[in-house]
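Reading the structure
So the chains spell out like this:
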Amino acid sequence: MLTLKAYAKINLALDVLYKRSDGFHEVAMVMQAVSLCDTVSLTSYPGEIILTVSRADLPADASNLAYRAAALLKEYTGCRQGACITLDKQIPLAAGLAGGSADAAAVLKGLNILWDLGLSGEELSRLAARLGSDVPFCLCNGTMLATGRGEILSPLPPMPACYVVLAKPPVEVPTAWVYQQFKADRVAVRPDIAGMCKELEQGSLAGVAGKLANVLENVTIPAHPEIARIKECMLEAGAMAALMSGSGPTVFGLAGSQDQAEVIASRLKAEKVPEIFVAETVWKME
Ligand SMILES: C[C@](O)(CO)[C@H](O)COP(=O)(O)OP(=O)(O)OC[C@H]1O[C@@H](n2ccc(N)nc2=O)[C@H](O)[C@@H]1O
Ligand SMILES: Nc1ncnc2c1ncn2[C@@H]1O[C@H](COP(=O)(O)OP(=O)(O)OP(=O)(O)O)[C@@H](O)[C@H]1O
């Protein structure tokens, strides 16, 4: 059996530049993997793909991104082998944390090994982009600049190690809806991506914290004002900075120490935020 960790991501910076003719939006993002993860287990099975998931509210059929990753790999390579895939989900669903994308990336990586396919990183990345814009990043982890629709990646100096408190209010936000509602002319403050890259080069956590920005907050926060309350609560509890991740609704707060992170998490618990996690930055590609 092969077991892989499928890490969640946060967007330290997210800018939407324009809507493209293919319907996607051109973006510029600084992405970071965090230690909150699903566990993906893979075993060989003759011919078929069998998927088992740990949550009743997540489909275990061909609509699951993990299943789609395995099916795409079979179609692309003509491989006749099958696999039993087990997903132990910890990453909340439709949360802005790329949980499904992380599972899909782990399945691509894992089956490339289990089925002895010998696909290059570049081929895997191309297949990943067919599954979703966040999937190529999930193959890499670490700290990356993402452009195009999110699939063009350049490694950045690793984000200085820190704790990341994740808090998801009890709403699920469809990514497509958020992009549809986005109006570039209503954005007051745009992320300073070049400035954040400089802070990463200098290894300054305070500098990175000072430059967190996500233009999609302009869509998701008015629809779900509890996101703004969670941000405030994190800042009051001592977070260096707090921001919505991706299309939301999860908010992440940066903390320099585990003690600080636990203080922030307890404060959120007292405010009855239902899903709270204390994670760390993940540096390495695995
Ligand atoms: C919000 C982010 O999570 C930030 O990392 C990503 O941009 C979204 O990535 P994702 O969930 O992998 O998105 P996809 O599965 O590729 O696309 C879902 C839907 O979001 C919209 N979408 C997504 C990415 C992008 N650059 N422009 C878009 O307009 C499209 O309507 C698309 O149909
Ligand atoms: N393996 C999977 N894990 C989670 N969701 C999945 C999976 N496969 C399909 N889905 C579907 O995709 C939807 C969004 O999934 P996901 O949890 O990846 O959203 P997200 O965290 O907002 O992603 P992103 O940050 O990439 O926009 C879910 O509502 C779910 O029905």
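Above this text is the structure in question.
Let us look at the structure shown here. Note that the structure is predicted; figures quoted are calculated from it, not measured. (Residues numbered from 1 in each chain as written. Chains lettered and ligands numbered in written order. Predicted model: local features only at pLDDT ≥ 70, side-chain atom pairs only at ≥ 80, totals over all residues.)

**Focus: the environment of Phe24**
Here is the rule: Numbered from the N terminus, helices here are DSSP runs of H or I no shorter than four residues, and strands are runs of E no shorter than two.
In this fold, Phe24 is placed in the loop between strand 1 (2–19) and strand 2 (25–45). It is 17 Å that separates the C-alpha atoms of Phe24 and Ser101, two residues lying 77 residues apart in sequence.

**What about the site of ligand 1?**
Convention followed: By definition, a residue lies near a molecule or strand when the C-beta atom built from its backbone is within 6 Å of it. Each residue receives one of three labels: charged for Asp, Glu, Lys and Arg, nonpolar for Ala, Val, Leu, Ile, Met, Phe, Trp, Tyr, Cys and Pro, and polar for the others, Gly being one of them. Where each domain starts and ends comes from a domain assignment, either automatic or drawn from a database.
Around ligand 1 sit 18 residues in total, of which Gly132, Ser133, Asp134, Arg149 and Gly246 are the nearest. Looking at the shell around ligand 1, the elements that each hand over two or more residues are strand 1, strand 2 and helix 5 (175–181). For the shell around ligand 1, the class distribution of residues is 7 nonpolar, 9 polar and 2 charged. Summarising the domain contributions, the shell around ligand 1 has at least three residues from each of domain 1 (2–155) and domain 2 (163–280).

**What about the site of ligand 2?**
Around ligand 2 lies a shell of 19 residues, among which Leu65, Ala98, Gly99, Gly100 and Thr175 are the nearest. Sorting the residues of the shell around ligand 2 by element identifies helix 1 (65–77) and helix 2 (99–114) as the ones contributing at least two each. No other element matches the 4 residues that helix 2 contributes to the shell around ligand 2. Its residues placed into classes, the shell around ligand 2 shows 9 nonpolar, 8 polar and 2 charged. Looking at the shell around ligand 2, you find at least three residues from each of domain 1 (2–155) and domain 2 (163–280).

**Some words on the packing of helix 1 against helix 3 (residues 121–131)**
Basically, it comes down to this: Here an axis means a line fitted to C-alpha atoms, over the contact stretch when the element is a helix, while the angle between two N-to-C directions is reported on a 0 to 180 degree scale. Any angle that falls under 35 degrees is termed roughly parallel, while one over 145 is termed roughly antiparallel, one within 65 to 115 roughly perpendicular, and all others oblique. What makes a crossing left-handed is the near helix being turned counterclockwise from the far one by less than a right angle; a clockwise turn instead makes it right-handed. Any residue pair is listed as a contact if its two C-beta atoms, each placed from the backbone, are within 7 Å.
Direction vectors running N to C along helix 1 and helix 3 enclose 130°, while the axes themselves pass 10 Å from each other. One finds that helix 1 runs oblique with respect to helix 3. Helix-helix and strand crossings are classified by hand; for helix 1 and helix 3 the assignment is right-handed. Between helix 1, through Leu65, Arg68, Ala69, Leu72, Leu73 and Tyr76, and helix 3, the contact on the second element is made entirely by Leu127, Arg130 and Leu131. Grouping the constituent residues of the contact of helix 1 with helix 3 by class yields 7 nonpolar, no polar and 2 charged.

Nothing here speaks to function; it is geometry throughout.
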